[in-house]
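Working through the structure, step by step
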Amino acid sequence: MSREAVDSLYSNASKDVKLSAAGKAVHDYLYGKRVQAGDAFVPFKCFDSNGKKFDWSVIKGKKTIIIGDGLWCMNHGMDNSGPVRFFDSLREEYGDSFELIIYLYDQNKEGLLEQIELYGLQNYTVVG
């Protein structure tokens with residue numbers, strides 16, 4: 001669904017829908033601040049696949065791509081290897097000049113390990 005279509009649906013939604021948790025999330029998506037290339041990064045607390053606090057210093061001096069959750073939508077119509085094939089193509093194109101971090105929202109250590117196994121992300125930095 002295009003951004004314009006979502007905006008049209010939101011604009012025509014009832015007040016109750018707009019005040020719901022989903023409505024607020026859609027509002028933030030449509031009208032909230034957008035991250036732009038070159039914006040300053042503010043590290044946030046998260047953990048690695050070992051359950052230890054993740055050290056954001058690994059990105060210092062590197063161009064960084066942070067994939068924020070939603071891996072399931074990256075494999076729409078494909079098997080679970082879709083996201084890692086895309087990540088592999090980025091690695092082939094850019095080599096070590098960038099850092100790819102996959103952030104899996106709302107996961108505990110066990111959930112993180114399950115997602116790493118499910119999507120074949122063993123060779124990538126995955127945090128939760």
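Up top is the structure.
Summarised in this report is the structure supplied together with it. Model, not experiment: these values are computed from the prediction.

1. Brief notes about a nonpolar patch on the surface
Taken together, F41, F44 and I66 make up a surface patch of nonpolar side chains, about 220 Å² in accessible area. One can find I66 in strand β1 (residues 63-68).

2. What about the sheet that holds strand β3 (residues 125-127)?
Taken in spatial order, the three strands make up an open sheet running β1-β2-β3, and their pairing is parallel. Two strands lie at the open edges of the sheet, namely β1 and β3, each paired on one side alone. Taken pair by pair, the neighbouring strands of this sheet meet at an average axis angle of 25°, ignoring direction. As paired strands, β1 and strand β2 (residues 98-103) are joined by six bridges and run parallel to one another. If you follow I65 over to β2, its bridge partner there is L100.

3. A few points about the pattern of salt bridges
Scanning the entire structure with this criterion turns up one salt bridge. Across the pair E99 and K62 runs a salt bridge whose closest N-O atoms are separated by 3.5 Å. On the criterion of sequence distance, the pair formed by E99 in strand β2 and K62 in the loop between α3 (21-31) and β1 is long-range, its members being 37 residues apart. Residue class for E99 comes out buried when judged on its relative accessible area of 14%. Residue classification places K62 among the partly exposed positions, given a relative accessible area of 35%.

4. A closer look at the packing of aromatic side chains
For any pair of aromatic rings, geometry is given as the distance between the ring centres together with the angle between the planes. Taken as a whole and assessed by the stated rule, the structure comprises nine aromatic pairs. Note on F54 and W56: the rings are 4.8 Å apart at their centroids and 90° apart in plane angle, and the pair reads as edge-to-face. For F54, a relative accessible area of 9% corresponds to the buried category. Cluster of aromatic residues (ring-pair linked, three or more members): F41, F44, F54, W56 and Y103. In this structure, R3 packs its charged tip against the face of Y29, placed 5.3 Å from the ring centre. Cation over ring: K18 sits above Y10, and NZ or CZ is 5.2 Å from the ring centre.

5. Quick notes on the nonpolar core
Counting residues in hydrophobic clusters, the biggest one holds 16 residues, and the most contacted among them are L71, F87, I102, L121, Y124 and V126. Elements that contribute at least two residues to this core include exactly α5 (82-94), β2 and α6 (109-119). Those residues within four positions of Y124 in sequence are excluded, and the remaining contacts are V84, F87, D88, R91, L100 and I102. Grouped together as the second largest cluster of nonpolar side chains are seven residues, F54, I59, Y103 and V127 included.

6. Digging into the layout of surface pockets
Within this model, the largest pocket holds a volume of roughly 650 Å³. Along the wall of the largest pocket there are 19 residues; nearest its centre are V35, Q36, F41, T64 and I66. The element contributing the most residues to the lining of the largest pocket is β1, with four residues. Residue classes in the lining of the largest pocket are distributed as 10 nonpolar, four polar and five charged.

Criteria and thresholds
Residues numbered from 1 in each chain as written. Predicted model: local features only at pLDDT ≥ 70, side-chain atom pairs only at ≥ 80, totals over all residues. Heavy atoms only, no water. Patch = residues over 30% accessible without salt bridge, like charges linked within 9 Å, V, L, I, M, F, W, Y side chains within 5 Å. Areas by Shrake-Rupley, 256 points an atom, 1.4 Å probe, with all protein chains shown as cover. Salt bridge = Lys/Arg side-chain N within 4 Å of Asp/Glu carboxyl O. Helix = DSSP H or I, 4+ residues; strand = E, 2+ residues; numbered from the N terminus. Pairing = 2+ DSSP bridges. Axes fitted to C-alpha atoms, helices over the stretch in contact; angles between N-to-C directions. Buried < 20%, exposed > 50% of the residue type's maximum accessible area, 1.4 Å probe, protein only. Phe/Tyr/Trp six-rings, centres within 6.5 Å; stacked < 30°, edge-to-face > 60°. Lys NZ or Arg CZ within 6 Å of the ring centre and 35° of its normal. Core = buried A, V, L, I, M, F, W, Y, C linked by side-chain atoms within 4.5 Å. Contact = heavy atoms within 4.5 Å. 1 Å grid on protein atoms, 1.4 Å probe; cavity = no way out; pocket = protein on both sides within 12 Å on 5 of 7 lines; lining within 4 Å. Points joined across faces, edges and corners; volume = space filled by probe spheres on them. Nonpolar A, V, L, I, M, F, W, Y, C, P; charged D, E, K, R; others polar.

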